[in-house]
Amino acid sequence: MTAPLLQIDALRVSFPGPTGRVPAVDGVTFDVRAGEVVGLVGESGCGKSVTALSILDLVGEPGRIETGSRILFEGTDLRTIDARAMRALRGRRIAMVFQEPATALNPVMTVGDQVAEVAVIHERVSWRAARARAVAMLERVGIPAAAERARQYPHELSGGMKQRVMIAMALLLSPALLIADEPTTALDVTIQAQILELLREQAAATGMSVLLITHDLGVVAELCQRVVVMYAGQVVETADVATLYTDARHPYTRGLLGAMPRLGDTRERLAVIPGTVPSPAEWPVGCRFHDRCIMGAVINLINKRLIDFEQINREATQIAEG
């Protein structure tokens, strides 16, 4: 078997905390093979976006990727290359659709020029040719009157259109790996379906791999081949889609699947996972999900009952020996 396109090994990313540096991402390991679509799922605060930003060395201060972390792309450890080589990689071989298009787009450049700039920088083509490619790509991602929209600025577009501009920018040069951080969140269901189909077509036509970060397990089922489940800065389960949806092993994964609405579901209320993801400064000891886990609660109750029984037994023995 050939080596995976992307290998993340023992990734640790820390930020300053009240008592020193705390790991927001703590020992994350997974891979993405060539032509594969991998879903990265978990609640907000689990470390998904920080993991994605680490791949392109975009974790800014005061965040820090710790020594011992390895991020291999096409066999090269990205932790060892210089800033110039990383800039050449971003947008060309690895592209990213950011979670917040309103802040990721330049407010003083037209959206057409922002898409075209990718081709101008990486392929040294003329602005005229690059703008024509940009308009064509804007049309592909579902923006109506693309030539007119290309002359507008980000503030003149809706949130959904800004997101589609980001997707057009990322796909323009047919990257080997696309990191898509919630790429369809701001889109209505019709456009969402179009974008998912576009990603599927692009992956099939060019062999592009996709790391899809999302909360939508329906999107994962439709688009992904494998799923990586993160909780509290760690990977808790990895499986192919069919196995995950039919035979999930970790209680957290089962909780996520149980909270999904289903067509024809007659339940009055959706299942919920009690509590929230803890702060990185307060990761629980042992399994980090145990304090929210139904099975953990049952075990804690059993342990408490056993302790109560032992205490009663000791007191009864003392009375008998009294």
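Residues numbered from 1 in each chain as written. Predicted model: local features only at pLDDT ≥ 70, side-chain atom pairs only at ≥ 80, totals over all residues. Heavy atoms only, no water.

## What about the overall build of the chain?
The helix and strand inventory of the chain stands at twelve helices and eleven strands. C-alpha atoms of the chain, sized along the principal axes, occupy 100 × 50 × 45 Å. Looking at the chain residue by residue over its 322 residues, the buried ones come to 45%. When contacts within the chain are restricted to residue pairs at least 6 apart in sequence, those whose partners lie at least 24 apart make up 65%. Accessible surface, the chain: about 16600 Å² in total, of which carbon and sulfur atoms supply 55%. (Helix = DSSP H or I, 4+ residues; strand = E, 2+ residues; numbered from the N terminus. Buried < 20%, exposed > 50% of the residue type's maximum accessible area, 1.4 Å probe, protein only. Contact = heavy atoms within 4.5 Å. Areas by Shrake-Rupley, 256 points an atom, 1.4 Å probe, with all protein chains shown as cover.)

## Points about helix α7 (residues 159–171)
Taking 1.5 Å per residue as the helical rise, α7 with its 13 residues ought to reach 18 Å, and the 19 Å between its terminal C-alpha atoms agrees with that figure. Of all 13 residues that make up α7, twelve are buried, and the element is covered over most of its length. (Expected span 1.5 Å × (residues − 1).)

## Structural notes on unusual backbone geometry
Residue Pro-62 follows Glu-61 across a cis peptide bond; omega there is 10 degrees. Its place among the elements puts Pro-62 in the loop between α1 (48–55) and β4 (64–65). Although it is not a glycine, Ala-10 sits at a positive phi angle of roughly 55 degrees. Along the chain, the position of Ala-10 falls in strand β1 (residues 6–17). Here the phi dihedral of Ala-232 falls at roughly 50 degrees; this positive angle occurs in a residue that is not glycine. Structurally, the position occupied by Ala-232 is in the loop between β10 (226–231) and β11 (234–240).

## As for the side chain of His-250
The topology assignment puts His-250 in the loop between α10 (241–247) and α11 (251–258). Judged by its relative accessible area of 16%, His-250 is buried. Look past the residues within four positions of His-250 in its chain and what remains in contact with it is Val-236, Glu-237, Cys-287 and Phe-289.

## Some words on the sheet that holds strand β8 (residues 177–181)
If you walk across this open sheet you meet the six strands as β7-β8-β9-β3-β10-β11, and the pairing is mixed. This sheet does not close on itself; its edge strands, each paired only once, are β7 (94–97) and β11. Adjacent strand axes in the sheet meet at a mean angle of 15 degrees, parallel and antiparallel pairs treated alike. Pairing geometry for β8 and strand β9 (residues 209–213), over five bridges, is parallel. Each residue of the ladder has a partner; that of Asp-181, found in β9, is Ile-213. Together, β10 and β11 form the strand contacts of α11, whose direction differs from that of β10 by roughly 105 degrees. (Pairing = 2+ DSSP bridges. Axes fitted to C-alpha atoms, helices over the stretch in contact; angles between N-to-C directions.)

## Overview of the packing of helix α4 (residues 111–123) against helix α5 (residues 127–140)
A pair of packed helices is captured by two measures, namely the crossing angle of their axes and the spacing between those axes. Direction vectors running N to C along α4 and α5 enclose 125 degrees, while the axes themselves pass 8 Å from each other. Overall, the two elements α4 and α5 adopt an arrangement that is oblique. Two packed elements cross with a definite hand, and for α4 against α5 that hand is right-handed. The residues of α5 that touch α4, namely those facing Gly-112, Asp-113, Val-115, Ala-116, Glu-117, Ala-119, Val-120 and Glu-123, are Trp-127, Ala-130, Arg-131, Arg-133, Ala-134 and Leu-138. (Parallel < 35°, antiparallel > 145°, perpendicular 65-115°, else oblique. Left-handed = near helix turned anticlockwise from the far one by under 90°.)

## Let's talk about the packing of aromatic side chains
Enumeration over the complete set of coordinates arrives at three aromatic pairs. Between the aromatic rings of Tyr-231 and Tyr-252, the centroid separation amounts to 4.6 Å while the plane-to-plane angle is 50 degrees, which identifies the pairing as tilted. Placement of Tyr-231 in strand β10 and of Tyr-252 in helix α11 is noted, with a sequence separation of 21 residues between them. Its relative accessible area of 1% is what places Tyr-231 among the buried residues. For the pair Tyr-231 and Phe-289, a centre-to-centre distance of 5.2 Å together with 80 degrees between the ring planes defines the contact as edge-to-face. Taken together, the residues Tyr-231 in strand β10 and Phe-289 in the loop between α11 and α12 (294–321) connect sequence positions 58 residues apart. Both residues of the pair, Tyr-231 and Phe-289, count as buried. An aromatic cluster is present here, built from Tyr-231, Tyr-252 and Phe-289 joined pairwise through their rings. (Phe/Tyr/Trp six-rings, centres within 6.5 Å; stacked < 30°, edge-to-face > 60°.)

## Details of the nonpolar core
Soluble globular proteins tend to pack their nonpolar side chains together in the buried interior. Grouped together as the largest cluster of nonpolar side chains are 95 residues, with contacts concentrated most on Ile-55, Ile-94 and Leu-178. With eight residues, α7 is the single largest residue contributor to this core. The contact partners of Ile-94, leaving out residues within four places of it in the chain, are Ile-55, Leu-56, Phe-73, Leu-78, Leu-89, Pro-175, Leu-177 and Ile-179. (Core = buried A, V, L, I, M, F, W, Y, C linked by side-chain atoms within 4.5 Å.)

Nothing here speaks to function; it is all geometry.
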